[in-house]
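Survey of secondary and tertiary structure
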Protein chains: 2
Amino acid sequence: MYGFAERMAPLNGSAIREIFKLLGDKSIISFAGGNPSEASFPSEELAEISAQLLREQGGRILQYGATEGWAPLRESVAQVVAERSIRSTPERTLILTGSSQGIELFTKSLVNPGDVILCEDPTFLGAIQTFRSYQAKLVGVPMEADGVDLAALEEAMKTHKPTFFYTIPTFQNPTGCTMSMEKRRRVVELAQRYDTLILEDDPYGGVRYEGKTLPAIASFDAADRVMHLISFSKTISPGLRVGAAIGHPDLLRKMTINKQGADTHTSNLSQAVVDAYIRSGQYFEHVQAILPPYRAQLAAMLKGLESFPAGTVYTRPEGGLFVWIELPEQIDAQAMMDEAVQRKVAYVPGTFFYPDGGHKNTLRLNFSASTPEQIERGMAILKQLIEEKL
Amino acid sequence: MYGFAERMAPLNGSAIREIFKLLGDKSIISFAGGNPSEASFPSEELAEISAQLLREQGGRILQYGATEGWAPLRESVAQVVAERSIRSTPERTLILTGSSQGIELFTKSLVNPGDVILCEDPTFLGAIQTFRSYQAKLVGVPMEADGVDLAALEEAMKTHKPTFFYTIPTFQNPTGCTMSMEKRRRVVELAQRYDTLILEDDPYGGVRYEGKTLPAIASFDAADRVMHLISFSKTISPGLRVGAAIGHPDLLRKMTINKQGADTHTSNLSQAVVDAYIRSGQYFEHVQAILPPYRAQLAAMLKGLESFPAGTVYTRPEGGLFVWIELPEQIDAQAMMDEAVQRKVAYVPGTFFYPDGGHKNTLRLNFSASTPEQIERGMAILKQLIEEKL
């Protein structure tokens, strides 16, 4: 009945939405989402903070705010990105309604229909959808265990002259892989040599279970070619919808113009709560406190994978929320979904994370939203199902 | 240094941003913004509500939510639009991060570059910016005291075959005019006859100082051609960023896909607070309580205008936040801005609200953010300045 814009044509996403609807069914062990554990939320602390903020600064919080963000939060974000070796200032910081909004605003500011965006192959599904909504041509660059394949990246930059390269270097979604220090440095050099930009999406960086924090790609960026995105969704709460973009003010200015039309500004209440939580010092304690349970959940999932059939390959992430599985070639993880759901386990078939599809034998498993017991049970069910298919 | 997308070219908006920066200077009497009065914010009530919600439902509020919105709020919005004679259901309701987001999502879902959007001439500046960001061709339709000029609207629909007609029928921004009942009915008939859609933006509808509430354009819409936007910015708080779109589920589905990429969902905390405030009954009491001060502020502004020079024409709005002035033809309100600011009064030159500019002798005055005393003083300064120019 309605005639929609051409940009909407590739945006069905119905298959994946059907899967996400399953998240509401409490009888299903869901490895499908990317939800943090509800047990990790600091509800009581945020209740106190929000009441105090509204009582003491209600006039300011409830009024219109600057599109660039709540001024105190633009400052305190610096504390959070310092551990990634990024020096941010308020002028280089735009507060976002979740870090995904940064993907949207950056793309809208820079991409004409038909322009090429390079991305990791596989990559975050939401980013693929956003890039498509601006009619970009997506070119995937293969992943290796230590991050993107650099030779392939260079070749793709040379061939396609992309507007930018989109990367999730730390605990990548969906693979869980982390880009090595050396590759981080080299990616910046390549961007410089081939005159392109980098969108560094780092929503998981705060959630590391082992190993040392690596400097962000942005920390090697002397030529202001990197826009760095952070999120508070995994470290405080996704329901508050607060993230930030850190980069050159000229890029942020265009993103700010687009944000003006998008939502004028992010909820002041959400922003002020996040700011107060950081400034109180509770934020950094809280992040330390949520790691042990996640570490145990990841361990339970990796243990379950040990007894999967020969020919199964999987990642061992040092942080984040996801493990990535390649099953023996004859298994079609998408076709297997219905049976898995009948047996009360859900996951996301890996094919959805590839701009060009294929890779039917892959799947993504989330461990943050299930208890170790649920993970043990769910992994046993999956193992059984896969064995039946061999 | 950076190459931006073509869509960004017409989006400078620097003149207007310079004006809005003045809002931070407390020594200036600002008639420029659209801020509600801070005295009107129910800070204490919302402090209690937010603390209680986070204590009792923290797990749900702080978790990811549905893109469509907080389920209880999708229900309770029905109470708010009922007074505009709209029957809404959760399935016909999408919660927005402020009603402006509805303009963005509707445009992105429907408009290809070069498509025509009809709008009132003058109209909301933010909407003009958003329409331009999707490279629409904007065609303005003249305003009359009782709303858009219907003959001109029909002619424009016939000639341009627009994707939709954007209208703010109640206490229009910037003119303050309200579309008559008869015109509301006719606009729907025209949309039906010329096979186009209507985006009905109604952020001010709740703030009426005299006269009777009129049914929304959407209430006459048997053929599902109208998307209705509401806002809680003027009735509770703009800082929370909560609005809603009410319309056909097929349209909302595409807007929801675009919202998924835009911000995943609106802050659950903001949504839950607005919902609880409506359900407690406090919302409706609160709206009644904020009207008398606004009515007094409007009266002060209209009184100031009575002594403006002959040849000044202005609107007498029944609600909303703005009065619209046409000065004698030889006055250039844009050129006069610098002097006005030197004398500590700010406003928005009317030319910015016209897609094609011109109309240099017009200006928009806001009365909601100033006390009657400030308004009296500011209007005397403006009168003096204008008289000096004659």
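Since the model is a prediction, treat every value here as computed from it, not as a measurement. (Residues numbered from 1 in each chain as written. Chains lettered and ligands numbered in written order. Predicted model: local features only at pLDDT ≥ 70, side-chain atom pairs only at ≥ 80, totals over all residues. Heavy atoms only, no water.)

Describing the sheet that holds strand β13 (residues 348-349) of chain B
Residue and element names in this part refer to chain B.
- What the four strands build is an open sheet, ordered β10-β11-β14-β13; its pairing is antiparallel. On the outer flanks of this sheet lie β10 (313-314) and β13, each paired with one strand and no other.
- By the bridge criterion, two bridges tie β13 to strand β14 (residues 362-366) in an arrangement that is antiparallel. Across the sheet, the residue bridging to Val348 is Arg364, located in β14. (Pairing = 2+ DSSP bridges. Helix = DSSP H or I, 4+ residues; strand = E, 2+ residues; numbered from the N terminus.)

Here's the deal with the interface of chain A and chain B
- With 73 residues of chain A at the interface, the matching set in chain B holds 73 residues.
- Where chain A abuts chain B, roughly 6,200 Å² becomes buried across the two surfaces, and 55% of that area is made up of carbon and sulfur atoms.
- When residues of chain A are sorted by the area they lose upon contact with chain B, Tyr2, Leu62 and Tyr64 of chain A head the list and together hold 12% of the total.
- Counting the contacts that link chain A with chain B gives four salt bridges.
- Of the charged contacts, one joins Glu104 of chain B and Lys108 of chain A as a salt bridge, the two residues approaching to 3.3 Å between their closest N and O atoms.
- Along the contact surface separating chain A from chain B lie 38 residue pairs in polar contact (both at pLDDT 80 or more).
- Only α2 (43-61), α4 (100-110), α5 (125-133), α8 (249-263) and α9 (268-279) of chain A provide two or more residues apiece to the side of chain A that touches chain B.
- For the side of chain A that touches chain B, the leading source of residues is α2 of chain A, giving 13 residues.
- Here the residues of the side of chain A that touches chain B are counted per class, giving 28 nonpolar, 29 polar and 16 charged. (Contact = heavy atoms within 4.5 Å. Buried area = accessible area lost by both parts, 1.4 Å probe. Salt bridge = Lys/Arg side-chain N within 4 Å of Asp/Glu carboxyl O. Polar contact = N/O pair within 3.5 Å; in protein donor to acceptor, adjacent residues only side chain to side chain. Nonpolar A, V, L, I, M, F, W, Y, C, P; charged D, E, K, R; others polar.)

Quick word on the confidence of the model for chain A
- Predicted confidence across chain A gives a mean pLDDT of 96, with 97% of residues reaching 70 or more.
- Our summary of model confidence lists the complex with pTM equal to 0.97 and ipTM equal to 0.97. (pLDDT = per-residue confidence, 0-100.)

Regarding the domain arrangement of chain A
Residue and element names in this part refer to chain A.
- Looking at chain A, the domain boundaries give domain 1 (6-42 + 288-389) and domain 2 (58-282).
- Using only C-alpha atoms to locate each centre, domain 1 and domain 2 end up separated by 25 Å.
- Each side of the interface is counted separately: domain 1 has 30 residues, and domain 2 has 31 residues.
- Of the roughly 2,800 Å² buried at the junction of domain 1 and domain 2 (both faces included), carbon and sulfur atoms supply 63%.
- A per-residue breakdown of the area domain 1 buries against domain 2 is headed by Glu318, Phe353 and Pro355, which together make up 25% of the total.
- Joining domain 1 to domain 2, the criterion identifies one salt bridge.
- Two residues, Glu318 and Arg208, come together in a salt bridge whose shortest N-O distance is 2.7 Å. (Domains from an automatic or database assignment.)

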